[in-house]
Amino acid sequence: MTAAEGSSGNRRGGAVLLDAVLHFRALGLVVVLVALVGSTWLANSRFLSAQSIRDILLATALTLLLACGMTMVVVGRGIDLSVASVLGLSAFGTATVLRDHPGLPVPLAALVGVAIGAACGAVNGVVIAYGRVPALVATLGTLYVFRGLVYFLAGGSRVNAGELPRSFLDFGTARVLGVPWLFLIAVLVLLVVGEFLRRHRAGRDLYAIGSHEEAARLAGLPIPSRLLLAYVVSGTLAGLGGVLYAARYGTVDASAGYGMELDIVAAVVVGGVAIFGGSGSVYGAALGALLLTVINNALPVLGVDPFWQRAVVGALIIAAIALDRLVARRVATSLRWGDAHVR
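Residues numbered from 1 in each chain as written. Predicted model: local features only at pLDDT ≥ 70, side-chain atom pairs only at ≥ 80, totals over all residues. Heavy atoms only, no water.

A. Representation of the overall build of the chain within the structure. Along the chain, the regular secondary structure elements total 13 helices and 2 strands. Put simply, the chain has 343 residues, and 45% of those count as buried. Sequence-distant contacts in the chain: of pairs separated by 6 or more residues, those separated by 24 or more amount to 80%. Working note: accessible area of the chain is about 16300 Å², and carbon and sulfur atoms make up 68% of it. (Helix = DSSP H or I, 4+ residues; strand = E, 2+ residues; numbered from the N terminus. Buried < 20%, exposed > 50% of the residue type's maximum accessible area, 1.4 Å probe, protein only. Contact = heavy atoms within 4.5 Å. Areas by Shrake-Rupley, 256 points an atom, 1.4 Å probe, with all protein chains shown as cover.)

And the structure:
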């Protein structure tokens, strides 16, 4: 066996190890989810009532939707802390347009909300991809800029449910065969993003950029345009989330979605997407979003103090990041040992 063949074999071995751990990790999330649901159901059988399940699906929908966009960003070794502020800006903008223009078709107002999100995502993408500003700093800044813009536009006022079209509010709670429309929309987005990351060249490029940006640059990948795309998608989905938020809750003020960005990042990281980029899937992020929602609904039923709800989420994030670093070190060690052995 030549050195090149041995090195290639070790890389394949490292990839197999990484895939095995990630699959086991997804299975672990399912096991924890089933155990939590089962123990909560034993404590209170109404936890699995039809209404309770619908509430969980509705609560998961927005987190899942934004987690899809965040996954694209994190896979490319970035982060978008402004998603909740974009959601708030889109929700207030959509509700304001519908209130001030009573005859405007609801789909057109929804497009306005999505366009607001896409514009905010484009701002993030240009600053990060072309301005070379670190994603953490750039999106932390736009988090406050976008939220401040909502407060400026709202001026202490809010849009009440009674000022919005009945058809728009009905959509927020509408169901198909008992499943909320909002959750079905989130699942559709999940499937589209999953296929994009798995099969489309631009999606695979994001994994390459997240794994090793310098190598991706030397390989000729269009890094700025790929990163811009990821942030525009993240902002667009946050804009769509704002439209759905307004439809679900009806009454919208400047605090819509406040603090939600931490739940989105937590769902993505707990779901197995490496916070340092290059690995993970949107389906894992979906499991993470569902798990966090179930935790938030189950722990009060089990009589757990609200403080421990946040502590559990924090512990899951730390455990997920620690697992990422452990996997990365083991794969790197395996590759180094293999190279030395061949030489």
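On we go from here.
B. Expanded view of unusual backbone geometry. Of note, Arg 132 is a non-glycine position whose phi angle comes to about 60 degrees, a positive value. Of note, the phi angle at Leu 177 is positive, near 55 degrees, even though the residue is not glycine. Mapping Leu 177 onto the fold places it in the loop between strand 1 (175-176) and strand 2 (179-180). Residue classification places Leu 177 among the exposed residues on the basis of a relative accessible area of 86%.

C. Representation of helix 6 (residues 166-173) in the model. Among all positions of helix 6, only Phe 168, Leu 169 and Gly 172 are buried. Looking straight down helix 6, one finds that the buried residues subtend no more than 95 degrees of arc, so they occupy a single side. (Arc of directions from axis to C-beta.)

D. Structural detail: the environment of Val 73. Mapped onto the elements, Val 73 comes out in helix 2 (residues 50-75). The exposure class assigned to Val 73 is buried, which follows from its relative accessible area of 3%. Here the alpha-carbon distance between Val 73 and Gly 125, two residues 52 residues apart in the chain, equals 10.0 Å. Contacts of Val 73, omitting those with residues within four sequence positions, involve Gly 78, Ile 79, Asp 80, Ala 230, Tyr 231 and Ser 234.

E. Layout of the packing of helix 2 against helix 12 (residues 282-301). Interhelical geometry of helix 2 versus helix 12 gives an angle of 145 degrees and a closest axis separation of 9 Å. The hand of the helix 2/helix 12 crossing is right-handed. Mapping the contact onto sequence places Ile 56, Ala 59, Thr 60, Thr 63, Leu 64, Cys 68 and Thr 71 in helix 2 and Val 282, Ala 285, Ala 286, Ala 289, Leu 290, Thr 293, Val 294 and Asn 297 in helix 12. Tallied by class, residues from the contact of helix 2 with helix 12 come to 10 nonpolar, 5 polar and no charged. (Axes fitted to C-alpha atoms, helices over the stretch in contact; angles between N-to-C directions. Left-handed = near helix turned anticlockwise from the far one by under 90°. Nonpolar A, V, L, I, M, F, W, Y, C, P; charged D, E, K, R; others polar.)

F. Structural detail: a nonpolar patch on the surface. Together, Phe 171, Val 176, Leu 177, Trp 181 and Leu 184 line one region of the surface with nonpolar side chains, adding up to about 470 Å² of accessible area. Secondary-structure assignment places Leu 184 in helix 7 (residues 181-199). Residue Leu 184 is classed as partly exposed on the basis of its relative accessible area, which comes to 31%. (Patch = residues over 30% accessible without salt bridge, like charges linked within 9 Å, V, L, I, M, F, W, Y side chains within 5 Å. Salt bridge = Lys/Arg side-chain N within 4 Å of Asp/Glu carboxyl O.)

G. How the structure looks around the packing of aromatic side chains. According to the stated counting rule, one finds 2 aromatic pairs in the structure shown. Judged by centre distance (4.5 Å) and plane angle (45 degrees), the rings of Tyr 245 and Tyr 249 are tilted. A residue pair is termed a helical-turn pair when its members lie 3 or 4 positions apart in one helix, as Tyr 245 and Tyr 249 do in helix 10 (residues 223-249) at 4 residues. On the basis of relative accessibility, which here comes to 40%, the residue Tyr 249 falls in the partly exposed class. (Phe/Tyr/Trp six-rings, centres within 6.5 Å; stacked < 30°, edge-to-face > 60°.)

H. A look at the pattern of salt bridges. All chains considered together, the criterion is met by 7 salt bridges. Among the salt bridges present, the one from Arg 199 reaches Glu 195, with a minimum N-O distance of 2.7 Å. Of this pair, Arg 199 and Glu 195 both sit in helix 7, 4 residues apart, which is roughly one turn of that helix. Judged by its relative accessible area of 59%, Arg 199 falls in the exposed class. Accessibility expressed as a relative area gives 34% for Glu 195, which makes it partly exposed. As a salt-bridge pair, Glu 214 and Arg 217 come within 3.1 Å of each other at their nearest N and O atoms. Of this pair, Glu 214 and Arg 217 both sit in helix 9 (residues 213-218), 3 residues apart, roughly one helical turn. Using a relative accessible area of 40% as the deciding quantity, one classes Glu 214 as partly exposed. In this structure Arg 217 comes out as partly exposed when scored by relative accessible area, which is 37%.

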